Every structure is written in C-alpha cells, then in structure tokens.
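# Examining the three-dimensional arrangement
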Amino acid sequence: MKYHNFDLSMDNRVEGGYPIRVDSEFGEARIIAPFNPQSLNFQEKMSILENRSQIDEPFLVHFGTGLFRDIFQEKILKIFNQCYIQTKGGSNDTGVRLRLKIEPPEMAALPWELLYFPDEKRFMGASIRTPVVRYMEMDLPMPSLEVKLPLKMLVAVPGPISTHAAIQSPVEKENLLNILGGMGDVIRYTVLDEPVTIEKIDNALIEDTYHCFHFIGHGDFIEDRGVLLLNGPDSDVAFVDDEQLARLFHNHPPMKLAVLNSCKGAEVSSSRPFTGMAQKLVEKGVPAVIAMQFNIYDDSAVAFSKKLYHVLFKSWNSGRIDFAMSHARCELCSRFPGDRDIGAPVLYMRAKNGVLFNPVSGSFFKDMPFTSRKLRKQLEVEKEYRESEAFETDETNIKGREGLAKRIAYGKCAAGVTAASALLMFILLWINFFDLLGLDTQIETCTILIGDPFVDPAGKAFSDDIVLIEIGREQKVDVDWRRERHPLLLKKLSEAGAGVVAFDMFFEKETPHDEIFARAIKEAKKSEAAGNGDGNGDVSGKSKKTEVIVGYRALAEGRPKIAEKIRLAVGDEGAGFLCVGKKIGIASTAPMAIKKKGQEEYRLFSLSLGAYMALKGLGMSQPVQSDQIELENRETRDSKTIAVNEPTVAGKSECKQTVDATSCCVIEKDDFVADLLIDLTPLSVLRNIRSRYGYDEVLGEMSVEKLRGTFEGKIVIVGAKADHDKFTVYQGLKQEQRYGFELHADALNTIIKGMPIRSMGKFRQGFIMILLAIAGICMRALLPDHSGKLKFFSVFAFVVSYFIVTIMIYAHTRIIFNPLYHIGTFIVAFWTATFIKKRTLS
C-alpha cells in the first residue's frame, strides 16, 4: 500500500482560534480555525461520549462530521481533496495517510479518531485509503526494520485488582492466544500470568528479545500521569506510571509495538502535552503504541485485537501498523455500529511511513518481491529507511537497507525478464523458428517415440477396419491413369461388401472414361451387398451400399475441382481434399475440416474424415468447441465428436500450380482450419499389414467370395506409390519417406481409434513459457554465484526433468509439448537473470 502523507499540525491557541498548518505533496496551507473545544455545545457532546449516554450511529456521524468541517476548511479542504482524488485515480493500493501533530493538550485530548468523511460517508480511520494516526516526529534512531521470523510477543495479564471492577481478562487472553496460535511460525508468544509485577516484565525483557508487547488489564490517569495497574507485593495493586514503563522499553530496542488494551491508556493531560502513557512510550523510543482513550467493552477489545494482529502479521501488507489499524477499526464499525468503541483505539507512532517491521525469512529467494504488491510494500520499507537519517550511522540498518535495495532491484528486473523471455520465445514459436531446421518436429516425435511404450498398445495398433490398395511404382501414373479400370475395381469391391472406397488421387481433367466411372459410382452407392457397419462407432451390422469418396486438391467456383461427371456422381459429400499438413516441409499434421471466411459451418473435409463420415452415416455440423468437431447421423440423429487440435486461421496459401501432391489450393488465407496430428504407425508395420493389397492383385486374381472376408464393411483406400506423392516424416530423429495414401490411412486410423495426439495451442504454450521464465529466474535466485558447475548441473537436471515430465504427460493424456520453445524460455530467463544479478547485486 502506497500512502501520500497529509500532515496536519495544530499550534497553541492565538486570538481567533487555533493555527492549523497543512503540509503535503500537493501543497501547503495555514489557517486560523475558529474552533473552541470549551464551548457549551461541544462540551455537551463530549459529555455524551464520556458517559456513553444517548450514543447511536447518527450521533457519531454528526460528531465526526463536525470535527471534519471544523478542521478541513478553505485551502486545507481543497488540498486534501486534490490529494485524495489523485489517489482514487491511481491503483487500489494507494491512499492518503492523515498524520495529526497536535500540540495544544486540550485539542490533543479530543477523539480525532471519530473524524467522518462526509463525501465518502464513512469514518476516515476505518478505511485503508485514509488512515488516521497521531504522529510524533522524533530524532531517535528506528530499530532495524528487517525482522527474521518468527516475531516475538510478550503478553502481560495481571491478576484481579481489588480496587477496580473485574474484567474478562481470561476470556480476552484466550481469544488472543487462539489467533496467535493460528499463525503458525509467524509469531511466538510468551504469557506473563498473575501476579504480573513490574519486576516480572523487566526480567522477561532481559531474558529474551521481543518485538511486541500486549497488555490486558486496567489503566488510569492519576495526578496528570498515565498509569497501568499491575500486581504488587502481597497481592496489592501497583501503579506503574508512564515514566517507569517507558524506561523498560527504552532499554529494549527491538520493541516495535506496544498495545495497551486498557482504559485511559491514550488519555492525555489537559494541562501538559505528551503526558499520557502512549505518548510517553513513543517519546522514549517505541515506534508505535496503541492505547484506548475511552473505557472499552471486553468484546470490542477482543474483536479489535484479533483483526489487528491478523492483518499486521499475516496480510500481504504485513508490518504496516496504520494499514492494520484501519482494518481493525473497520471491524469495530461493522460489528458495533453506533458504539463509541469504534473511536476508542488510538495509534501513536513515530514511524514516518507506518512501517514497523519487514518480516524476512533469511532466504534471498523467499524474500524476493516477485508480485507487484510485494514490490510496492518493499518500496515503502525502503522509503522508511531512506527518510530516517539516523540509519546512516547504524550498521545493522545500513546492511538491512543494502539487502533490501538488492532485492528490490532484482525483483524489478525479474518481471521484465519474465515478460521479455516469454515474448521472445513466443515470437519464435509463432514464426515456427525451430522448424526451419526441423528441430521442433524431431523433438516432438522423440517425445512420441519414447512415450508410446507407456501408451495402451491397442491405441497404437493399425485398425482392422482399414484396407489399403496400392498402385505399384513400376506402373505409370498420370491424370488418366486406369480411369477406365476403376469401374471394374469399384464393382468388385462393392460386390464384396466394402463400406467405403476412397480414391487418394485427383480427377481434375475430363477423360473419355468419366461416363463409365460415374455410372459405376452410382451403381456402387445403390448396391444392396451385405456389409458390416452399424453407423454408431462399431463396425458391425448391415450396410446397404458402398460409399465412394474421391480426392481433390483445388476448388473451382467454391466447389471441389473434379471432372463434372464424376463430381455429380459422388455428390458434394463424396469429395475429400487431399491436403496433408506440413511443418516447414515435414508432414506431421492433416487438415480435417475447413471453414471458409464468413461461413458458420465446416463444409469442406478431408479424404480420411470424409471416408469415416461416409461409413458412419454422419454429416458435418457446426463445431461445438475449439478442439472438437461434432458430427451427426442424419437418419438416427446420433452424434459423434471428433477431437482435433485447436483450429487456427490459415496464413499465406500453400497453393502451387504443379502436379506436386504437397501443394494444397483448397486452404486459402483466413480460412479456419481444424488439424489433426497424425499418429504414425511404424513403417515396418504399415507396409506389412495383412490388409494391404496390390491394385492388379485385387482386380485380377482374387474372387468376390475371397474378397468379401477381407473388404466387407471396411474402408478401402486406393492410392499410388508415386514419387511426386512422397512426404518426409520423422520417427524420433530418423527421417522416413511415406506416400500420401499411407498418411491418409494413418490419419483415418487416428480418427477410428479415438486417441488423437493433441498439441497445446500457441497461447497455452505461451502461458507455459511465462511459468518457465519465472522458474528460470527463481532457480537463479536460489543458486549461489560462486559455483559454475552447480549452476550447469542444476539447469541440466531441470531440462532432463522437464523432458521426463512431458513424456509422462504425453503417455497419460496424449498431449504433446513444444519442448524447444519452453526450454529456450527457461534458459534465456536463467541466463538473463544471471547477468542482472551480477550487475545489480555485486
């Protein structure tokens, strides 16, 4: 929390009123306030507060508003509003600290903690944006702000005092210890039970170091001096005045805070300034003292203490007493509205910015201000150091300030390094930098290769529902190749009960044989041969026809570019594009569906997905999620979801006016493309499966009866072993050449198994890069500077561990990472943090 100090000073009365001075970052002002605390009207109000009679919320609001308007007049109000509006325009972690420096004792005795801000309709001291403190500017050195956890608290609870009414000390003590006990290792406390004498407190302060003192008991104001009521010898009462208690704390420099949970602890002398207990303790060196200016009910005291310590020791802004005080007073306003107890606690402090301590663990990494809130808090601590000139001669504080400055410098750089490292690697990811060398795909396939043994073996087997018919390399292949013989093949496969026949070849040019081929397609689609597909995911049951899918690689007037007669025979859903995805020349993905710019549905689909849809009787519908395509059976209305990788918007078109099969004129710029990572079957398996036959073998030697047992209800892919239809793929670090129909078969196999390999998407990977950049910075902060070998082996161990984790994730979820970009982010962040640490912390 960052505060602008708004100092309000009041001098002794002169003719016309009390001189009030204001000093803030937004200006200075001086007025003579015509304020008379001795007026009959004001004395009546004070009498009501003192006697607790006729007090309700409207009265407190009226009283606090009057105080506000008496002080905030003319220029003072204008400057305050400028200051407050400035903080409201900033972040939620800014505010205005009202520091009261009131010299006249009759004015200091007034309950300024009840100041009510009419514009905001709330008590100023109950908001963290406008804390109210009584500030005492002292030329005393502050004790070191760096406090290593746990903090230590001394709790004093005297026994019953015969001359005063009994209070619920045991109940308040029990509640206090409950909240302190729930703070774990943050705080350690010692309780002085009855009888509590001045000697007992003195001995405790001598025997150990304490940072906080909490008193539960009676207080009074006798002969113009504040006193605490302790136990004396022989159970008599002992009156310990402010001078006696102040001397104890003066000899105990580590003390940061004293909380006097007693009545009249904050009452001041009406004739002499700084004679109250709280003021005297601050004057003698305690940085902050909280005391009560009115008698306070026990349940109010308990609620106040609980909230105060919880915020002071456990909040994100721990160590800030004004911040904790505002929260505690807000708790009283919420639980006891209309009760004067909301103004009873008074905070006196000499800490310029409210920082009493900066809890540290002693570990450079754990104390690093990585978040913006922690960094802002550390800057306030540094400001407290900087504004106290006495620190310059205190060796402990000089070291503390230097260490803090180093952590702040490193923390500031850490945020920049994280963002810069992640951004750099994200840009490289976006342009596929490592794919220019083929490295990224090689590492990904290594992950797959190593992780596959841990995958369910059934998920890696080649499906029995796919049959391949190949045209040998020795046979000439051109645009008119054997189109006159396709009708014979199709007729034979239809009679054998094939569920789908998919031709992985182009039919762009018109030929004299198109009429015969088109007639064969129509007859196959009307056939009544026995089949083996129920359309629900299992290949069982009966099929009444053989569906035919033909390939294409370009569009003509928005439709697949296929010879007219063949296109009319297969229909719009009988054509599948033959694009095979590439990553800088390396086949690894297959586009499954394309949604043109301006369309709401995927209307173009690949040969492999089209074949699967035809077998199952599914039609394409609008996708329901970014990583799914929903298909629907148009007859039964049963649905099927196909998982794909996150759809992406296509960039520059890969269309080439050549016969090269790697060209793809279907995908144009700004198309929405859903890709599927191809789960490659080992080449030794793919080329030796039982369901792989030669074109002439099926057409000539095998009878229909023999074919039925092999082709019945299956998807048959017909393709050629052509040199122009070859693609390079990786199996680990090993390069392989595969034909286009083999890749389509693997894509179809991936769909049928329902176990697709998933990439993470660039934005998810960007998030991982940010985490790894943070990990690199954190590791560098933890490692010592002197050991180069330790740094090397730590980075090496992290990289190896990362690869093991990614392999395990792949094996269980089939999600594949982009390791080079992730590890690159980690190493860049680690190296940059090393450079910064040498420059800023040396």
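In this text, all values refer to a predicted model and were calculated from it rather than measured experimentally.

### Remarks on the overall build of the protein
Along its length, the protein carries 25 helices and 39 strands. Taken over 842 residues, the protein has a buried fraction of 57%. Partitioning the contacts of the protein with sequence separation of at least 6, the portion at a separation of at least 24 is 73%. Carbon together with sulfur atoms contributes 53% to the accessible area of the protein, which is approximately 36,400 Å² in total.

### Overview of the pairing of strand S9 (residues 151-156)
In terms of burial, S9 is a largely internal element, six of the six residues being buried. By the alternation rule, side chains of S9 split into Leu 151, Met 153 and Val 155 and Lys 152, Leu 154 and Ala 156, which are all buried. Note that S9 and strand S10 (residues 187-192) share six bridges and pair parallel. Bridge pairing in S10 links Ala 156 to Leu 192. Inspection of the sheet shows S9 paired to strand S11 (residues 212-216) by four bridges, in the parallel sense. Its bridge partner lying in S11, Leu 154 is registered against Phe 213.

### Structural notes on the side chain of Glu 470
By the secondary structure assignment, Glu 470 is in strand S19 (residues 466-471). Within polar-contact distance, the side chain of Glu 470 engages the side chain of Arg 692 at 2.5 Å. Discounting chain neighbours no more than four positions away, the residues touching Glu 470 are Arg 692, Tyr 693, Gly 694, Tyr 695, Gly 719, Lys 721 and Phe 741.

### Some thoughts on the pattern of salt bridges
Inspection of the entire model under this criterion finds 31 salt bridges. Between Asp 679 and Arg 814 there is a salt bridge, and its shortest N-O distance comes to 2.4 Å. One end of the pair, Asp 679, is in the loop between strand S33 (672-677) and helix H19 (683-686); the other, Arg 814, is in the loop between helix H24 (788-813) and strand S39 (815-816), and 135 residues separate them in sequence. Relative accessible area serves as the criterion here: at 1%, Asp 679 is assigned to the buried category. Residue classification places Arg 814 among the buried residues on the basis of a relative accessible area of 5%. Glu 736 is the salt-bridge partner of Arg 738, the closest N and O atoms lying 3.2 Å from each other. Like Arg 738, the residue Glu 736 is buried in the burial classification.

### Some thoughts on the sheet that holds S9
One open sheet holds the 11 strands; their spatial order is S3-S2-S1-S4-S7-S17-S16-S15-S11-S9-S10, and the pairing between them is mixed. Among the strands making up the open sheet, the edge pair consists of strand S3 (27-33) and S10. Each strand axis lies, on average, 20° off the axis of its neighbour in the sheet, ignoring direction. Here strand S4 (residues 94-102) pairs with strand S7 (residues 132-135) via three bridges, running parallel. When the bridges of S7 are listed, Leu 100 appears paired with Arg 134.

### What to know about unusual backbone geometry
Residue Leu 149 is joined to Pro 150 through a cis peptide bond whose omega torsion reads 0°. When you line up the elements, Pro 150 lands in the loop between strand S8 (146-148) and S9. With phi around 55°, Glu 557 is a residue other than glycine that occupies positive phi space. By secondary structure assignment, the location of Glu 557 is in the loop between strand S22 (555-556) and strand S23 (559-560). Even without a glycine there, the phi angle at Arg 814 is positive, about 65°.

### Side note on the confidence of the model for the protein
Here the protein averages 80 in pLDDT, and 79% of its residues register 70 or above. For residues 529-543, every residue scores under 50 in pLDDT, and the model assigns this stretch 39 contacts once sequence neighbours within four places are set aside.

### A closer look at helix H7 (residues 242-250)
If you check which residues of H7 are buried, you get Asp 242, Leu 245, Ala 246, Leu 248 and Phe 249. One side of H7 carries all its buried residues, which in axial view fall inside an arc of 155°. Check the buried side of H7 and you find it contacts helix H6 (198-207), S11, strand S13 (225-231), strand S14 (237-241) and helix H8 (277-283). Residue Asp 241 occupies the N-cap position of H7, its side-chain oxygen lying 3.2 Å from the main-chain nitrogen of Glu 243.

### Details of the sheet that holds strand S21 (residues 547-552)
Two modes of strand pairing occur in sheets, parallel and antiparallel, and in both the strands are linked by backbone hydrogen bonds. Sheet architecture is open: six strands sit in the order S24-S21-S20-S35-S19-S34, paired in parallel fashion. Each edge of the sheet is formed by a strand with only one pairing partner; in this case those strands are strand S24 (575-577) and strand S34 (692-694). Strand-to-strand twist in this sheet, taken as the mean axis angle between neighbours without regard to direction, amounts to 25°. As defined by bridge partners, strand S20 (residues 500-506) adjoins S21 across five bridges and the pair is classed as parallel. Pairing of Ala 502 across the sheet is with Ile 549, part of S21.

### Quick notes on the side chain of Arg 97
In this structure, Arg 97 sits in strand S4. Judged by relative accessible area, Arg 97 falls into the buried class, the value being 0%. Not counting the four nearest positions on each side in its chain, Arg 97 is found in contact with Tyr 3, His 4, Asn 5, Phe 6, Pro 131, Val 133, Arg 320, Asp 322, Met 349, Lys 352, Asn 353 and Gly 354.

### Observations regarding the environment of Glu 630
Summarising the element assignment, Glu 630 is placed in strand S30 (residues 628-633). Looking at Glu 630, the relative accessible area reads 22%, which means it is partly exposed. Residues Glu 630 and Lys 640, 10 residues apart in the sequence, show an inter-C-alpha distance of 6.0 Å.

### Quick notes on the environment of Lys 753
In this fold, Lys 753 is placed in helix H22 (residues 740-753). Here Asp 679 takes part through its side chain, which lies 3.3 Å from a polar atom of the side chain of Lys 753.

Criteria and cut-off values
- Along each chain, residues carry numbers from 1 onward, in the same order as the chain's sequence is written.
- Given that this is a predicted model, residues contribute local features only at a pLDDT of at least 70 and side-chain atom pairs are listed and counted only at 80 or more, while totals for whole chains, interfaces and linings are drawn from all residues.
- Excluding hydrogens and water, the side-chain values take into account all heavy atoms of the structure.
- Each helix corresponds to a stretch of at least 4 residues labelled H or I by DSSP, and each strand to a stretch of at least 2 residues labelled E; elements are numbered beginning at the N terminus.
- When accessible area is computed with a 1.4 Å probe and restricted to protein chains, residues below 20% of their type maximum are described as buried, those above 50% as exposed, and intermediate ones as partly exposed.
- Every residue pair with non-hydrogen atoms within 4.5 Å of one another is taken to be in contact.
- In these tables, accessible area is a Shrake-Rupley quantity obtained with a 1.4 Å probe, and a residue counts as shielded only by the protein chains included in the view.
- DSSP calls a pair of strands paired once it identifies at least 2 bridges connecting them.
- Any pair of N or O atoms that falls within 3.5 Å is considered a polar contact. Within protein, one atom must be able to donate a hydrogen and the other to accept it, and sequence-neighbouring residues count only if both atoms are side-chain atoms.
- Whenever Lys or Arg places a side-chain nitrogen within 4 Å of a carboxyl oxygen from Asp or Glu, that contact is recorded as a salt bridge.
- Every angle, taken between N-to-C directions, lies between 0 and 180 degrees, and every axis is a line fitted to C-alpha atoms, over only the stretch in contact when it is a helix.
- You can read pLDDT as the predictor saying how much it trusts each residue, on a scale of 0 to 100.
- Here, the arc refers to the directions that run from the helix axis to the C-beta atoms.

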